[in-house]
Amino acid sequence: MYTVAMPDGSRDLSFEHGLSQLESGMARLREDFVEQRKLLPNILRMKLSVFIAAMHSRTPRFRDHQRQQWQKILSTGDEITKQMATKTPAERARIARLSLPPSGPTMSMEDVQRIVDYPIQSIAPAVIESEFPFLMQMRLTVFCSDPSGQGFITSDAPVVWYDPEAYKRPPMYRGAALMYESLEITMPLSPRRMLFIAHDKPMSKGVKPIIAHDKPMSKGVKPISYTDVSEDVVVALNRRTARFADQEIVVSKDFFDGRWTPGKPRVDIS
């Protein structure tokens, strides 16, 4: 999904190698810091934020959505090209005089075609770059589940953007976006740890911090905190993870809770 086929038949693996390097330190970060409920040094906080942004934009759903949107642009461009081919030189010159000069960067049809062919490789780097500074300034809380409980599940779209206040806005503004203070971002990091990222405000009712560091590590960077959550909160977060999954959810035990997917038949995990 991350390989680019070159015209000579070779494969460009630069994006795939970049993801591999990003992932290389995640196991140590989780085991040595998150599982131990320790503060993250700035460099690890930065790497974790980049990793979250990368996981948000490297899914099949992201790929298919971007491909669909850019295919519309490509089809429109192809249609304009066909129409222009039927015009006389005088008509094309007249149309050119009526056109406004570009006020910013431009794209060729070849550029658009490349995005359609390789949506993740083309767009994900820009998405990561744009999301990263916001994630660094949002408060990062690690929800910790009871080891004897069901634990957190994950999915093939593990980074969930959910805005509980979205329904109050006009229809065209109901999408989850970083500009909204009510946005909540979750990502399971292990069966016992769930990342919860939100703008700097009081947490939801019933969630009591047990380790909190209110002094920022550096200007604009919010520290990490750890919070024990009840089994009801785990179920609610698992329901959210399952709701936003593309096709698959992943469990750490041979167990399925029907509350994860209310209104749907039990999933066969045999």
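Given the structure is predicted, the values throughout are model-derived calculations rather than measurements.

Observations regarding the overall build of the chain
Looking only at helices and strands, the chain has 8 helices and 10 strands in total. Scored against the burial criterion, the 270 residues of the chain give a buried share of 39%. For the chain, restricting intrachain contacts to residue pairs at least 6 apart in sequence, the fraction spanning at least 24 positions comes to 69%. Carbon together with sulfur atoms contributes 56% to the accessible area of the chain, which is approximately 15900 Å² in total.

Re the pattern of salt bridges
Under the criterion given, the structure shown has 9 salt bridges. For Arg240, the salt bridge identified is with Glu184, shortest N-O distance 2.9 Å. Of this pair, Arg240 sits in helix 8 (residues 231-243) while Glu184 is found in strand 6 (residues 184-190), placing the two residues 56 residues apart along the sequence. An identical accessibility class is assigned to Arg240 and Glu184; each is buried.

Notes on the packing of helix 6 (residues 109-117) against helix 7 (residues 119-137)
Relative orientation of the contacting elements helix 6 and helix 7 amounts to 100 degrees, with a least axis distance of 5 Å. In terms of orientation, helix 6 lies roughly perpendicular with respect to helix 7. For the pair helix 6 and helix 7, the contacting residues are Arg114, Ile115, Val116 and Asp117 in the first and Pro119, Ser122 and Ile123 in the second. Here the residues of the contact of helix 6 with helix 7 sort into 4 nonpolar, 1 polar and 2 charged.

What to know about helix 2 (residues 26-34)
Along helix 2, the residues classified as buried are Met26, Leu29, Phe33 and Val34. Taken end-on, helix 2 shows its buried residues confined to a sector of 70 degrees, consistent with a single buried face.

A word on empty space enclosed by the protein
Unoccupied space between atoms shows up once a probe the size of one water molecule is rolled over them. Summed over the entire model, instances satisfying the criterion amount to 1 cavity of 30 Å³ or more. Taken as a whole, the largest cavity spans an internal volume of roughly 30 Å³. Contributing to the lining of the largest cavity are Gln150, Gly151, Ile153, Val251, Ser252, Lys253, Phe255 and Trp260. Broken down by class, the residue content of the lining of the largest cavity amounts to 4 nonpolar, 3 polar and 1 charged.

Side note on the confidence of the model for the chain
Taken over all residues, the pLDDT of the chain has a mean of 84, while the share at 70 or more is 83%. Counted against residues more than four places away or in other chains, residues 202-218, with its pLDDT under 50, gives 32 contacts.

Regarding the layout of surface pockets
Approximately 330 Å³ is the volume found for the largest pocket. Lining the largest pocket are 13 residues; nearest its centre among them are His56, Thr59, Arg61, Phe62 and Val159. Among the secondary structure elements, those contributing two or more residues to the lining of the largest pocket are helix 3 (42-56), helix 4 (60-85) and strand 5 (160-162). Sort the elements by how many residues they give to the lining of the largest pocket and helix 4 lands first, with 4 residues. Counted by class, the lining of the largest pocket contains 7 nonpolar, 4 polar and 2 charged residues.

Things to note about the packing of helix 3 against helix 7
Viewed as axis vectors pointing N to C, helix 3 and helix 7 meet at an angle of 130 degrees, and their least axial separation amounts to 9 Å. Judged by the angle between their axes, helix 3 and helix 7 are oblique. The handedness of the crossing between helix 3 and helix 7 is right-handed. Between helix 3 and helix 7, the contacting residues are Arg45, Met46, Ser49, Val50, Ile52, Ala53, Ala54 and His56 on the first element and Ile128, Glu131, Phe132, Leu135 and Met136 on the second.

Details of the nonpolar core
If you look at the biggest cluster of nonpolar residues, it comprises 31 residues, and the most contacted ones within it are Leu48, Ile52, Ile185, Met187 and Leu195. Elements with a contribution of two residues or more to this core: helix 1 (14-24), helix 2, helix 3, helix 7, strand 3 (139-144), strand 6, strand 7 (193-198) and strand 9 (224-228). If one sorts the elements of this core by residue count, helix 3 sits on top with 7 residues. With residues near it in sequence (within four places) discarded, Ile52 still touches Leu135, Val159, Met187, Leu195 and Ile197. Core analysis: the next-biggest nonpolar cluster, separate from the first, contains 10 residues, Trp70, Val116, Ile120 and Ile123 among them.

The rules behind each value
- Residues numbered from 1 in each chain as written.
- Predicted model: local features only at pLDDT ≥ 70, side-chain atom pairs only at ≥ 80, totals over all residues.
- Heavy atoms only, no water.
- Helix = DSSP H or I, 4+ residues; strand = E, 2+ residues; numbered from the N terminus.
- Buried < 20%, exposed > 50% of the residue type's maximum accessible area, 1.4 Å probe, protein only.
- Contact = heavy atoms within 4.5 Å.
- Areas by Shrake-Rupley, 256 points an atom, 1.4 Å probe, with all protein chains shown as cover.
- Salt bridge = Lys/Arg side-chain N within 4 Å of Asp/Glu carboxyl O.
- Axes fitted to C-alpha atoms, helices over the stretch in contact; angles between N-to-C directions.
- Parallel < 35°, antiparallel > 145°, perpendicular 65-115°, else oblique.
- Nonpolar A, V, L, I, M, F, W, Y, C, P; charged D, E, K, R; others polar.
- Arc of directions from axis to C-beta.
- 1 Å grid on protein atoms, 1.4 Å probe; cavity = no way out; pocket = protein on both sides within 12 Å on 5 of 7 lines; lining within 4 Å.
- Points joined across faces, edges and corners; volume = space filled by probe spheres on them.
- pLDDT = per-residue confidence, 0-100.
- Left-handed = near helix turned anticlockwise from the far one by under 90°.
- Core = buried A, V, L, I, M, F, W, Y, C linked by side-chain atoms within 4.5 Å.

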